[in-house]
Amino acid sequence: MEIIKYSNYTIPIPNRYKNKTLEDYNWEENKNLKNIIINFVIQDNYPEKGIWLYGMVGVGKTFLLSVIYRILRYIYGSDVEYIEFQNLLASLRVLIKDAEKFEEVINFYSSIPYLIVDDIFDEYCTESDLKNFSRIVNGRYNNNYNLICSSNVDKKGLLETKSSMHLISRLVGMCEFIQVNGKDNRI
Ligand SMILES: Nc1ncnc2c1ncn2[C@@H]1O[C@H](COP(=O)(O)OP(=O)(O)OP(=O)(O)O)[C@@H](O)[C@H]1O
Ligand SMILES: [Mg+2]
């Protein structure tokens, strides 16, 4: 597709997806998804809702987030960031002793317009992890920014997690939940 261009700035996305495009993805099991993604990335205005891609392991969620990152990065440059949920939590855990740096990082992730987070809630989180993540989600909510993410957890699963209702309510409000179908492509 002519109008879609891809950034070569690929540092935060997994190396294995650094050259992937929408054309490399096999859409057989997800025929509507391609248009949903194209319409999302080419819209002129900041999208009211982000995207919450959910599905089983190995169906291509990280692949798709990486491609979305490459397109958005081409269009919006440094207004786009990609991070794995566990890495985000780990960096906040380390920084918690340095209040100034910690606030800087919270502020960074709260005020970047396009934030892509891979594997939300896929691993165990402590209460303090959830509190830290809530700060970011709340900050984004207050700034009218959404979130683009992937998870093995769907909307129902999210509502059943033990996270605070404040966090869940904001996440549900911020994202369109979209299923990625298919089998585990790794096996
Ligand atoms: N529809 C697809 N077309 C082409 N390759 C695919 C597709 N789906 C998955 N793959 C390939 O399958 C492997 C797993 O994909 P990926 O890492 O994106 O899965 P995932 O949904 O993020 O899994 P997890 O939940 O474990 O993180 C990769 O090698 C990827 O290239
Ligand atoms: Mg993944």
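Conventions and cut-offs
Residues numbered from 1 in each chain as written. Chains lettered and ligands numbered in written order. Predicted model: local features only at pLDDT ≥ 70, side-chain atom pairs only at ≥ 80, totals over all residues. Helix = DSSP H or I, 4+ residues; strand = E, 2+ residues; numbered from the N terminus. Rg over C-alpha atoms; globule rule 2.2 N^0.38 Å. Buried ≥ 20, exposed ≤ 12 C-beta atoms within 10 Å, placed from the backbone. Contact = placed C-beta atoms within 7 Å. Near = placed C-beta within 6 Å. Nonpolar A, V, L, I, M, F, W, Y, C, P; charged D, E, K, R; others polar. Pairing = 2+ DSSP bridges. Axes fitted to C-alpha atoms, helices over the stretch in contact; angles between N-to-C directions. Core = buried A, V, L, I, M, F, W, Y, C linked by C-beta atoms within 7 Å. Parallel < 35°, antiparallel > 145°, perpendicular 65-115°, else oblique. Left-handed = near helix turned anticlockwise from the far one by under 90°.

Scanning the chain from terminus to terminus reveals seven helices and five strands. Starting at the N terminus and ending at the C terminus, the chain contains elements arranged as α-β-α-β-α-α-β-α-β-α-α-β. Scaling as 2.2 N^0.38, a compact globule of 187 residues should have a C-alpha radius of gyration of about 16 Å, and the chain matches this with 16 Å. C-alpha atoms of the chain, sized along the principal axes, occupy 45 × 35 × 30 Å. By residue count, 29% of the 187 residues in the chain fall in the buried class. A sequence separation of at least 24 residues applies to 84% of the contacts in the chain between residues at least 6 apart.

Tracing the backbone shows Ile178 in strand β5 (residues 175-179). On a C-alpha basis, the gap between Ile178 and Leu22 in space is 17 Å, while along the polypeptide they are 156 residues apart. Setting aside residues up to four positions removed in sequence, Ile178 forms contacts with Leu33, Ile36, Ile51, Trp52 and Leu53.

Of all residues adjacent to ligand 1, which total 14 residues, the nearest are Asn26, Gly60, Lys61, Thr62 and Asn185. When its residues are assigned to classes, the shell around ligand 1 shows four nonpolar, seven polar and three charged.

Reading across from one edge, β2-β3-β4-β1-β5 is the order of the five strands in this open sheet, with parallel pairing throughout. This sheet does not close on itself; its edge strands, each paired only once, are β2 (80-84) and β5. Direction aside, neighbouring strands of the sheet carry axes that sit 15° apart on average. Both strand β1 (residues 50-54) and strand β4 (residues 148-151) contribute to a ladder of four bridges, which runs parallel. Considered in β4, the bridge of Ile51 is made with Ile148. In the packing of helix α3 (residues 85-95) onto the sheet, the strands contacted are β2 and β3 (114-118), and the crossing angle to β2 comes to about 90°.

A few words now on the nonpolar core. Counting residues in each nonpolar core, the largest one holds 38 residues, and the members touching the most others are Ile68, Tyr69, Ile116, Val117 and Ile148. The element that contributes the greatest number of residues to this core is helix α2 (residues 61-76), accounting for eight residues. Other than its neighbours up to four places away in sequence, Ile148 contacts Gly50, Ile51, Leu65, Ile68, Tyr114, Leu115 and Ile116.

Right, let's talk about the packing of helix α4 (residues 99-111) against helix α5 (residues 127-142) for a bit. Where α4 meets α5, the closest approach of the two axes is 8 Å, and the angle between their N-to-C directions is 45°. Classified by the angle between their axes, α4 and α5 sit oblique to one another. Crossing of α4 over α5 shows right-handed handedness. For the pair formed by α4 and α5, the contact residues are Ile106, Tyr109 and Ser110 on the first element and Arg135, Ile136, Gly139 and Arg140 on the second.

Residues of β2 alternate between two faces, with Val80, Tyr82 and Glu84 buried on one and Glu81 and Ile83 left unburied on the opposite face. Across five bridges, β2 lies against β3 in parallel orientation. Each bridged residue has a counterpart across the sheet, and for Glu81 the counterpart in β3 is Leu115.

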